[in-house]
Amino acid sequence: MRKNYLLTPGPTPLPPEVCQALGRPIIHHRTPQFQAILKEATEGLKYVFQTESDVFILTSSGTGAMEAAVVNLLSAKDAALTVESGKFGERWTELCNGYGILADVIKVEWGKAVEPAEIEKRLKANPNIKAVFTTLCETSTGVATDIEAIGKIVAKYNAVLVVDAISGLGAIDLKTDAWGVDVCVSGSQKGFMLPPGLAFISVSKKAWDMIAVSKSPRYYFDLTVARKAIQKTDTPFTPAISLVIALVEVLRMMKQDGLENIFKRHHTMASATKAAMKALGLELFAPTASSDVVTAVKVPAGIDGEKLVKTMRDAYGVTIAGGQAELKGKVFRFAHMGFIEEFDIIAGIACLEKVLKELGYSFELGAGVKAAEEVFLKK
Ligand SMILES: *Cc1c(COP(=O)(O)O)cnc(C)c1O
């Protein structure tokens, strides 16, 4: 028997209310019962997205909503601007490439955030750019992007601003309407505390005007069809009914907590985690731009990063994430989002300390836990 602690940047742990909701008998989706659920879910999402626009629920992983954004907004040979500051930014470029969209790529050193001025420079240089694809929290590096500043810039051009907020929404602030985000995409298994399987996408007026003339091939992710359906409180295809039912539970919890409290809690957990890493003599991968969503930490010299993650998980039941792509073995990522709380963080840090000791890293045992507790005491 083993108790498992999930401290990965997706999936994240499930609240008991969610597990219970998932265990309910299935109902049919073309019924007044499900319509009431769909309505509440759609309204609740608007609260979390901080938007008055429609938010659609898609049955797919988060990437499905990213694909929906690309194929609905653009046509082959259209110009787009993508920001690559990690693995998920690269996905925007790959999606554009897949549909013959000409992506102008801003390559940002991993661990840094894009300079908003660079986006303005590219938009000025190429007035044909129709969409700017960005990432709220680049989960591979832990870095958060200044979407508010980018929104102010993009609003002055004909382009729409698209934000992958799959890991950031419900953890850190993103004011979709106030910041001029035209299309915001998210997924169920990160800040939303649900299993994977749902994706969410909001669409502004400016984005709908672009959708009306775009010609990329699309069927399952055609938002015009989804819009017609939602006007009748319906979905074009069978939704993941049980997940939508659980989503309503989560949205009630989030509304009760209030966004401000949720963001504050994430900030405190992130500060405690970062303080613990410093106290252990570990270096943050992105010291100046590390988000409140996930913290990437450099694996110290002489320690096998993959073994560290594997031992924590397989010997002690604490799952953190390793590095992706070029960061494989070089960093570990400690998530503090969704249904994760103070003592999950403490357990995670205590386990990290134990395994670091076992692997021969030298530090004062308990220093990380102490530093984290001091942050929690002060909050
Ligand atoms: C997790 C994640 C994705 C991918 O989502 P899937 O649900 O795996 O398709 C995309 N972007 C970011 C920033 C993520 O954190």
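Look above for the structure.
Residues numbered from 1 in each chain as written. Predicted model: local features only at pLDDT ≥ 70, side-chain atom pairs only at ≥ 80, totals over all residues. Heavy atoms only, no water.

Trainee: Explanation requested: the overall build of the protein in the structure shown.
Mentor: Secondary structure assignment for the protein yields 13 helices and 14 strands. Rg of the C-alpha trace for the protein: 21 Å, near the compact-globule value of 21 Å for 379 residues, within the 12% margin. The dimensions of the protein, computed from C-alpha atoms along their principal axes, are 60 × 55 × 35 Å. Relative to its full complement of 379 residues, the protein shows a buried share of 58%. Put simply, of all contacts in the protein between residues at least 6 apart along the chain, 72% involve residues at least 24 apart. Entry remark: accessible area of the protein is about 15,900 Å², with carbon and sulfur atoms responsible for 54%. Taking the average place of the 44 positive charges on the side chains of the protein and the average place of its 42 negative ones, the gap between the two points comes to 2 Å. (Helix = DSSP H or I, 4+ residues; strand = E, 2+ residues; numbered from the N terminus. Rg over C-alpha atoms; globule rule 2.2 N^0.38 Å. Buried < 20%, exposed > 50% of the residue type's maximum accessible area, 1.4 Å probe, protein only. Contact = heavy atoms within 4.5 Å. Areas by Shrake-Rupley, 256 points an atom, 1.4 Å probe, with all protein chains shown as cover. Lys, Arg positive; Asp, Glu negative; His and termini not counted. Charge placed at Lys NZ, Arg CZ, Asp CG, Glu CD.)

Trainee: Hey, could you run me through the packing of helix α12 (residues 342-358) against helix α13 (residues 367-378) in this one?
Mentor: For any two helices packed against each other, one specifies the crossing angle of their axes together with the interaxial distance. In the contact formed by α12 and α13, the axes pass within 8 Å of each other and the chain directions differ by 165 degrees. Judged by the angle between their axes, α12 and α13 are roughly antiparallel. Considering only the axes of α12 and α13, their crossing is right-handed. Within the contact between the two elements, α12 uses Glu342, Phe343, Ile345, Ile346, Ile349, Ala350 and Glu353 and α13 uses Ala367, Gly368, Val369, Ala372, Glu373 and Phe376. (Axes fitted to C-alpha atoms, helices over the stretch in contact; angles between N-to-C directions. Parallel < 35°, antiparallel > 145°, perpendicular 65-115°, else oblique. Left-handed = near helix turned anticlockwise from the far one by under 90°.)

Trainee: Mind showing me how you'd approach the packing of helix α5 (residues 116-125) against helix α6 (residues 147-154) here?
Mentor: Where α5 meets α6, the axes come as close as 9 Å, and the angle between the chain directions of the two elements is 20 degrees. If you check the angle between α5 and α6, you find them roughly parallel. For the pair α5 and α6, the sense of crossing is right-handed. Of the residues in α6, those in contact with Pro116, Ala117, Ile119, Glu120 and Leu123 of α5 are Ala149, Ile150, Ile153 and Val154. Residue composition of the contact of α5 with α6, grouped by class: 8 nonpolar, no polar and 1 charged. (Nonpolar A, V, L, I, M, F, W, Y, C, P; charged D, E, K, R; others polar.)

Trainee: Would you mind showing me how to read the sheet that holds strand β14 (residues 331-335) here?
Mentor: Taken together, 3 strands build an open sheet; the order of strands is β11-β14-β13 and the sheet is antiparallel. The open sheet has two edge strands with one neighbour each: β11 (294-298) and β13 (321-322). As judged from the 5 bridges shared by β11 and β14, these two strands associate in the antiparallel manner. Following the sheet pairing, threonine 295 is matched in β14 by phenylalanine 334. (Pairing = 2+ DSSP bridges.)

Trainee: Just checking my understanding: could you explain the site of the ligand for this structure?
Mentor: With respect to spatial proximity, 14 residues lie near the ligand, and among them Ser61, Thr63, Thr139, Asp164 and Lys190 are the closest. Within the contact set of the ligand, an oxygen atom lies 2.5 Å away from a side-chain nitrogen or oxygen of serine 61. At 2.6 Å, a side-chain N or O of aspartate 164 approaches a nitrogen atom of the ligand. Here the ligand, which alone exposes 380 Å², has 89% of that area covered by the protein. (Near = heavy atom within 4 Å. Polar contact = N/O pair within 3.5 Å; in protein donor to acceptor, adjacent residues only side chain to side chain.)

Trainee: Even after reading the chapter, I still don't get the pattern of salt bridges, so can you show me in this structure?
Mentor: A side chain of one charge can pair with a side chain of the opposite charge if their charged atoms are brought near each other. With the rule as written, the count across this model stands at 21 salt bridges. Across the salt bridge formed by aspartate 104 and arginine 122, the nearest N and O atoms sit 2.8 Å from each other. Of the two residues, aspartate 104 sits in strand β4 (residues 102-107) while arginine 122 sits in helix α5, which places them 18 residues apart along the sequence. Aspartate 104 sits in the partly exposed class, given a relative accessible area of 26%. Residue arginine 313 pairs with aspartate 314 through a salt bridge whose shortest N-O separation is 2.8 Å. Looking at arginine 313, the relative accessible area reads 37%, which means it is partly exposed. Three or more residues joined by partner-sharing salt bridges are found here, namely Arg24, Glu40, Glu249 and Arg252. (Salt bridge = Lys/Arg side-chain N within 4 Å of Asp/Glu carboxyl O.)

Trainee: Whenever I open this one, the side chain of lysine 274 confuses me. Can you help?
Mentor: Relative to the helices and strands, lysine 274 is located in helix α10 (residues 259-279). Aspartate 292 provides the closest opposite charge to the buried, salt-bridge-free lysine 274, at an N-O distance of 5.5 Å. Within the structure, the side chain of lysine 274 is placed 2.7 Å from the side chain of serine 290, a separation counted as a polar contact. Beyond its immediate sequence surroundings of up to four residues, lysine 274 is in contact with Leu284, Ser290, Ser291, Val294, Thr295 and His336.

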